[in-house]
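# Structure assessment
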Amino acid sequence: MKSCISCGMPMTRPEQFAMGDVSKDYCVHCARPDGSMQSYEEKLLSMAAFIVKTQGFDEQAAAASAKEMMARLPAWKGRASHET
Ligand SMILES: [Zn+2]
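Model, not experiment: these values are computed from the prediction.

### Quick look at helix α1 (residues 40-55)
- For α1, which comprises 16 residues, the first-to-last C-alpha distance of 21 Å matches the rise-based estimate of 22 Å (1.5 Å per residue) to within 8%.
- Three or more residues of α1 are buried, namely Tyr40, Lys43, Leu44, Met47, Ala48 and Ile51. Each buried residue of α1 lies within a common arc of 130 degrees when the element is viewed along its axis, so the set occupies one face. Of the exposed residues in α1, those oriented more than 90 degrees away from the buried face are Leu45, Phe50 and Lys53.

### Re the nonpolar core
- Tyr40, Leu44, Met47, Ala48, Ile51, Ala62, Ala66, Met70, Leu73 and Trp76 together form the largest nonpolar core, which totals 10 residues.
- When contributions to this core are tallied by element, the ones reaching two or more residues are α1 and α2 (59-71).
- The residues touching Met70, leaving out its near neighbours within four places in the chain, are Tyr40, Lys43, Leu44, Met47 and Trp76.

### A short note on the coordination of the zinc ion
- Coordination sphere of the zinc ion, protein contribution only: Cys4 (SG), Cys7 (SG), Cys27 (SG) and Cys30 (SG), at 2.2 to 2.4 Å.
- Taken together, the 4 donor atoms surrounding the zinc ion define angles of 106 to 116 degrees at the centre, an arrangement classified as tetrahedral.
- By relative accessible area, Cys30 is classed as buried at 0%.

### With respect to the side chain of Lys43
- By the element assignment, Lys43 lies in helix α1.
- Although Lys43 is buried, it forms no salt bridge, and the closest oppositely charged side chain is Glu42 at an N-O distance of 9.6 Å.
- The residues touching Lys43, leaving out its near neighbours within four places in the chain, are Ser6, Cys7, His29, Cys30, Gln38, Met70 and Trp76.

### Here's the deal with α2
- The end-to-end C-alpha distance of α2, which contains 13 residues, comes to 18 Å, matching closely the 18 Å that a straight helix rising 1.5 Å per residue would cover.
- Listed in full, the buried residues belonging to α2 are Ala62, Ser65, Ala66 and Met70. An end-on view of α2 places all buried positions within 135 degrees of arc, on one side of the element. Exposed and facing more than 90 degrees away from the buried side of α2 are Gln60 and Glu68.
- Turning to α2, the residues buried within the fold contact α1.
- Of the residues that open α2, the one with a side-chain oxygen 3.1 Å from the backbone nitrogen of Gln60 is Asp58.

Here is what the cut-offs are and how they apply
- Residues numbered from 1 in each chain as written.
- Predicted model: local features only at pLDDT ≥ 70, side-chain atom pairs only at ≥ 80, totals over all residues.
- Heavy atoms only, no water.
- Helix = DSSP H or I, 4+ residues; strand = E, 2+ residues; numbered from the N terminus.
- Expected span 1.5 Å × (residues − 1).
- Buried < 20%, exposed > 50% of the residue type's maximum accessible area, 1.4 Å probe, protein only.
- Arc of directions from axis to C-beta.
- Core = buried A, V, L, I, M, F, W, Y, C linked by side-chain atoms within 4.5 Å.
- Contact = heavy atoms within 4.5 Å.
- Donors = N, O, S within 2.8 Å, 3.2 Å for Na, K, Ca; no water.
- Tetrahedral: all angles 85-135°; square planar, octahedral: opposite > 155°, others 65-115°.
- Lys, Arg positive; Asp, Glu negative; His and termini not counted.
- Salt bridge = Lys/Arg side-chain N within 4 Å of Asp/Glu carboxyl O.
- Polar contact = N/O pair within 3.5 Å; in protein donor to acceptor, adjacent residues only side chain to side chain.

As structure tokens, this is what we get:
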């Protein structure tokens, strides 16, 4: 089973893959409308917004927690440490 390199979501069905393409390494939530993968900054913003909405964190805490989560994912390994 594959999981998204950008957000870690397990991808078990074709519709969970970007553009429904099972050869892609990232999920539908991490794809732009044209099918390319969102950048680190784009993903960080959307993850932080998601954390605010689901966990009620304030924006700064959500951004910090999103950075931490992303630092563990293959697409961003070694990236987050340069950004803080
Ligand atoms: Zn994803």
